[in-house]
Amino acid sequence: MSHEALESLKRRYLTLRKAEAVRVLKIQDELLSEIRAFLKGEGFVEILAPIIGPVTDPGIRGAKQVSIDYYGANFKVMSSMILYKQMMITSLPEIFALSPNIRLEPLETVKTRRHLTEFRQIDVEVAHATYKDMMKLGERMLCHTITVIKKKFRKELDEQKRVLEVPKRPFKKYAHREALEILKNLGISVDYGLEIPWNGEEALSKIHKEPFWITDFPVTARGFYYMEHEDNPTILKDFDLIYPEGFGEAISGGEREYRHDRVVKRMRKSGENISEYGWYLDMLRSGIPPSAGFGIGVERLTRFICGLENIWDAVPFPKVAGFHSP
């Protein structure tokens, strides 16, 4: 990060007053309102997201969790509310929340310009849904939001020099193996079984002009809560949506494994400390419905819509790995 960028973080109380910051935050306010309106129109109920709990999502790609002493017990600050969404759909079958998340990202993530240590996402979950249902929902939601923003903020987008097009549905889809082949042709080698690294994701994003899906990640690349394909348990019923133009990941989600014995088996394979997941495993024993869902990062969506170079310009009070800012 340049010295100028660092100073802008430390003196956010000044950069917030600039015209661009005002434009971006007004657009962000509207996109949040439109996502809420869209989901409520689809029959969803908004719930309050947890901020701390005995356990949180372990699948956070190299980031570290934050622990606190909660009256003598070790609690986690939420890195993702996935496990809690599975709890909630036992009473409300279609839910969403504006969920705050904390992840202590590695220092090198600053170079990606799309990582924050404190961020928010719209978390969605639907009982008895498939991952394909959720991909269709994500497409409709994104297209709706972009359509409204283009209409209401034409002047502001012009001032941003942002040419924003409503994507055509359905979006293009690649299986994970296909994505690796494309990367290989671009000179980027990724071992099968691993997550696609940041530079690979960006390279794929840069060669596309519209959002696209990557599906069917290998079971070794993702958390224990994703459902395996019945006919091929080495791959998962999951997906990432990637923005075009180099902006990277937009949405991540899939179908959830909800059967106690299979979750425990996956936990053991991935080396999780099963004793930390007491309430979660008790919940699975009691029986919960199958479900699918996703999360879409608010700051990343703002960055994409406004065409921002840095994600820290897409949030009022940015927190970036390794830097102390207000």
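Refer to the structure printed above.
These notes cover the structure that comes with them. Nothing here was measured: the structure is a model prediction, and the numbers come from that model.

Some words on the side chain of R300
Note that R300 resides in helix α11 (residues 298-306). Here R300 falls in the buried class, since its relative accessible area comes to 17%. When neighbours within four sequence positions are excluded, R300 is seen to be in contact with R114, H115, Y243, E249 and I311.

Comments concerning the pairing of strand β11 (residues 238-243)
In terms of residue burial, β11 counts as a mostly covered element, since six of its six residues are buried. Residues of β11 alternate between two faces, with D238, D240 and I242 on one and F239, L241 and Y243 on the opposite face, all of them buried. Where strand β8 (residues 212-215) meets β11, four bridges bridge the pair, whose relative direction is antiparallel. Bridging from a neighbouring strand, W213 pairs with L241 of β11. Pairing geometry for β11 and strand β12 (residues 248-255), over six bridges, is antiparallel. The residue of β12 that forms the bridge with D238 is G254. Linking β11 to β12, which pair antiparallel, is a turn of four residues; within it E245 sits at a positive phi near 65°.

Section: the sheet that holds strand β3 (residues 66-70)
Here three strands make up an open sheet; going across it, the order is β2-β4-β3 and the pairing antiparallel. A strand with exactly one partner marks an edge of an open sheet, and here the two such strands are β2 (52-53) and β3. Here β2 pairs with strand β4 (residues 73-77) via two bridges, running antiparallel. Looking at β4, one finds that G53 is bridged to K76.

What counts and how
Residues numbered from 1 in each chain as written. Predicted model: local features only at pLDDT ≥ 70, side-chain atom pairs only at ≥ 80, totals over all residues. Heavy atoms only, no water. Helix = DSSP H or I, 4+ residues; strand = E, 2+ residues; numbered from the N terminus. Buried < 20%, exposed > 50% of the residue type's maximum accessible area, 1.4 Å probe, protein only. Contact = heavy atoms within 4.5 Å. Pairing = 2+ DSSP bridges.

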